[in-house]
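Below are the chains, spelled out letter by letter.
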Amino acid sequence: MADEFPYIWDRFYKVDRSRKGLGTGLGLAIAKHLLELHDGKVSVQSELGKGTGIEIKLPL
C-alpha cells in the first residue's frame, strides 16, 4: 500500500481496483490542486493496522 502513496494524488487513480464503488478517483487530485493554488501542501502517512494521517499546510 505504501508504494501506492505517490499515485493517490493522480486523477482517476483508485487504490483498490476490485471496488465497485461509484467514485471517479478525482477527490484527492482536486483537493491537492486547490491546496497548491493557495500555496499549500498536503502529505499522507499510513501504518498498516494503525491508521492513516493526512497533513494539510496552508500559509497564514
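Residues numbered from 1 in each chain as written. Predicted model: local features only at pLDDT ≥ 70, side-chain atom pairs only at ≥ 80, totals over all residues. Heavy atoms only, no water.

A. The arrangement of the pairing of strand β1 (residues 41-47) in detail. Summarising the sheet, β1 and strand β2 (residues 51-57) pair through seven bridges and their orientation is antiparallel. Across the sheet, the residue bridging to Val 42 is Ile 56, located in β2. Counted along the chain from β1 to the antiparallel partner β2, the turn is three residues long, and its residue Gly 49 has a positive phi close to 85°. (Pairing = 2+ DSSP bridges. Helix = DSSP H or I, 4+ residues; strand = E, 2+ residues; numbered from the N terminus.)

B. Geometry of the nonpolar core. Ranked by size, the top nonpolar core spans six residues in total: Phe 5, Ile 8, Trp 9, Leu 35, Val 42 and Val 44. Not counting the four nearest positions on each side in its chain, Phe 5 is found in contact with Val 44 and Ser 46. (Core = buried A, V, L, I, M, F, W, Y, C linked by side-chain atoms within 4.5 Å. Buried < 20%, exposed > 50% of the residue type's maximum accessible area, 1.4 Å probe, protein only. Contact = heavy atoms within 4.5 Å.)

C. Structural context of the confidence of the model for the chain. Of the residues in the chain, 87% reach a pLDDT of 70 or more, and the chain-wide mean stands at 84. Of all helices and strands in the chain, the one with the weakest mean pLDDT is β1 (88), whereas β2 scores best (92). (pLDDT = per-residue confidence, 0-100.)

D. Just the pattern of salt bridges, in detail. For the structure on display, the rule yields two salt bridges. With a closest N to O distance of 3.8 Å, Glu 36 and Lys 32 form a salt bridge. Taken together, the residues Glu 36 and Lys 32, both in helix α1 (residues 27-37) and four residues apart, mark about one turn of the helix. Exposure remark for Glu 36: the relative accessible area of 44% places this residue in the partly exposed category. When its relative accessible area of 25% is taken as the criterion, Lys 32 is described as partly exposed. The shortest N-O distance in the salt bridge between Lys 50 and Glu 47 comes to 3.7 Å. Under the relative-accessibility criterion, Lys 50 is labelled exposed at 69%. For Glu 47, a relative accessible area of 46% puts it in the partly exposed group. (Salt bridge = Lys/Arg side-chain N within 4 Å of Asp/Glu carboxyl O.)

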